[in-house]
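Architecture and fold: a report
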Amino acid sequence: MLDQIKGLHHVTSMASDARQNNDFFTRKLGQRRVKKTVNFDAPDVYHLYYGDEAGTPGSVMTYFPFPHIGKGRHGVGEVGTTVYSVPEGTLGYWEKRFVDEGVTGLLREETFGDRRLAFAGPDGDGFALVEDKADTRAPWAKGGIPADEAIRGFHSVSLRLKDGGATEELLKFMGYEEIDKSGTIRRLAVKNGNGADVIDIESLPTAPFADLGAGSVHHVAFAVEDRARQLEVRKALIDTGYGVTPVIDRDYFWAIYFRTPGGVLFEVATNEPGFDRDEDTAHLGEALKLPMQHQHLRPYLEQHLQKLEG
Ligand code: ZN
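Presented here is an overview of the structure given in this document. (Residues numbered from 1 in each chain as written. Predicted model: local features only at pLDDT ≥ 70, side-chain atom pairs only at ≥ 80, totals over all residues. Heavy atoms only, no water.)

**Some remarks on the overall build of the protein**
- From N to C terminus, the protein includes five helices and 16 strands.
- Against the compact-globule benchmark of 19 Å for 310 residues, the protein has a radius of gyration of 18 Å, which places it among compact chains.
- Seen through its C-alpha atoms, the protein measures out along the principal axes to roughly 50 × 45 × 35 Å.
- Taking all 310 residues of the protein together, the buried fraction comes to 55%.
- In the structure as shown, the protein presents an accessible area of about 13200 Å², 51% of it carried by carbon and sulfur atoms.
- Counting 36 positive and 47 negative side-chain charges, the protein places the centres of these two groups 2 Å from one another. (Helix = DSSP H or I, 4+ residues; strand = E, 2+ residues; numbered from the N terminus. Rg over C-alpha atoms; globule rule 2.2 N^0.38 Å. Buried < 20%, exposed > 50% of the residue type's maximum accessible area, 1.4 Å probe, protein only. Areas by Shrake-Rupley, 256 points an atom, 1.4 Å probe, with all protein chains shown as cover. Lys, Arg positive; Asp, Glu negative; His and termini not counted. Charge placed at Lys NZ, Arg CZ, Asp CG, Glu CD.)

Dropping the structure here:
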């Protein structure tokens with residue numbers, strides 16, 4: 001069993017409209033935009049990152065807004081719900097805020113003994129807030145949400161799978177342990193993680209497969225401290241039979257990707273070098289940042305990418 005993985009690093013999804021997406025995460029959820037760059041593999045599209053003050057791994061939601069892309073269809077073989085952690089007793093604040101802001105899909109739930117508020121993202125993305133009294137992470141407090149109520153980072157993601165068995169085995173190999181179960185959902189967690197420590201696996205044998213589109217999660221990334229530990233994880237996965245990509249430089253972290261048995265794309269990303277690599281923490285996310293290979297596109301991109309608030 002591996003011990004290099006320390007919880008989630010980021011979750012990356014598809015969106016239909018950059019401005020709407022930016023408004024939802026920075027204003028409605030009070031997250032900080034920590035990076036405004038482009039999709040390194042499709043540079044005419046933004047890659048927007050939202051998280052806490054520094055974009056700490058375990059807090060970072062990222063989007064590829066493809067203008068006018070069709071909506072995804074939720075199903076199995078994907079991340080069903082991305083769950084943020086908020087302080088105990090704050091769901092009333094959030095519910096009122098969401099009603100006032102016209103956020104849809106609101107549903108109060110209780111899962112594994114915790115109070116939760118499900119809500120839909122800007123393209124119908126599956127999200128929830130959960131009250132987690134044990135979470136000690138500091139929130140981004142300058143996003144318009146009082147520090148006592150603000151989001152702490154991710155709590156978990158839930159994987160919706162036809163048959164969760166093989167993915168559960170994989171997660172156990174990656175260092176996760178089953179800590180609870182409820183109906184068809186198995187809850188796994190990693191010890192000594194960064195706070196975003198939980199993965200729920202829901203098995204839905206008769207549900208249709210998901211179609212990727214706006215509002216779909218593209219991949220979920222797990223955090224390792226550095227490149228040395230990433231190479232250890234890569235070797236262990238390859239030795240176990242997984243087809244893993246080479247290490248790819250994403251400027252703010254190094255990434256490897258592999259497809260899991262249940263169909264979800266996993267990434268393992270390093271905590272180094274971080275989002276302050278090319279701009280001061282005080283000004284994260286303000287300027288359009290381009291990787292070296294796309295610098296020559298700057299005049300075109302500055303003219304053609306949608307202008308964003310903030
Ligand atoms: Zn990623």
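Back to the text.
**Some details on helix H2 (residues 91–101)**
- Buried within H2 we find Leu91, Trp94, Arg97 and Phe98. The arc that holds the buried residues of H2, viewed along the axis, is 125 degrees, so those residues lie on one side. For H2, exposure combined with an orientation more than 90 degrees from the buried face picks out Lys96, Val99 and Asp100.
- As for H2, its buried residues are in contact with helix H1 (18–28), strand S5 (78–86), strand S6 (107–111), strand S7 (114–120) and strand S8 (126–131).
- Residue glycine 102 follows H2 closely and has a positive phi angle near 75 degrees. (Arc of directions from axis to C-beta. Contact = heavy atoms within 4.5 Å.)

**With respect to the coordination of the zinc ion**
- Coordination of the zinc ion by the protein is provided by His10 (NE2), His219 (NE2) and Glu267 (OE), with metal-donor distances spanning 1.9 to 2.0 Å.
- Within one chain, the residues donating to the zinc ion are spaced in sequence as H-x208-H-x47-E. Taken as a pair, histidine 219 in strand S13 (residues 217–224) and glutamate 267 in strand S16 (residues 265–273) lie far apart in primary sequence, 48 residues in all.
- On the basis of relative accessible area, glutamate 267 is assigned to the buried category, the value being 0%. (Donors = N, O, S within 2.8 Å, 3.2 Å for Na, K, Ca; no water.)

**Some points on the pairing of strand S12 (residues 198–203)**
- Relative to S12, strand S9 (residues 153–161) runs parallel, the two sharing six bridges. Looking at S12, one finds that serine 158 is bridged to aspartate 200.
- In terms of strand pairing, strand S11 (residues 185–190) meets S12 through five bridges, oriented antiparallel. Bridging from a neighbouring strand, arginine 187 pairs with aspartate 200 of S12. (Pairing = 2+ DSSP bridges.)

So, to be careful, I would describe these as geometric facts and stop short of saying anything about function.
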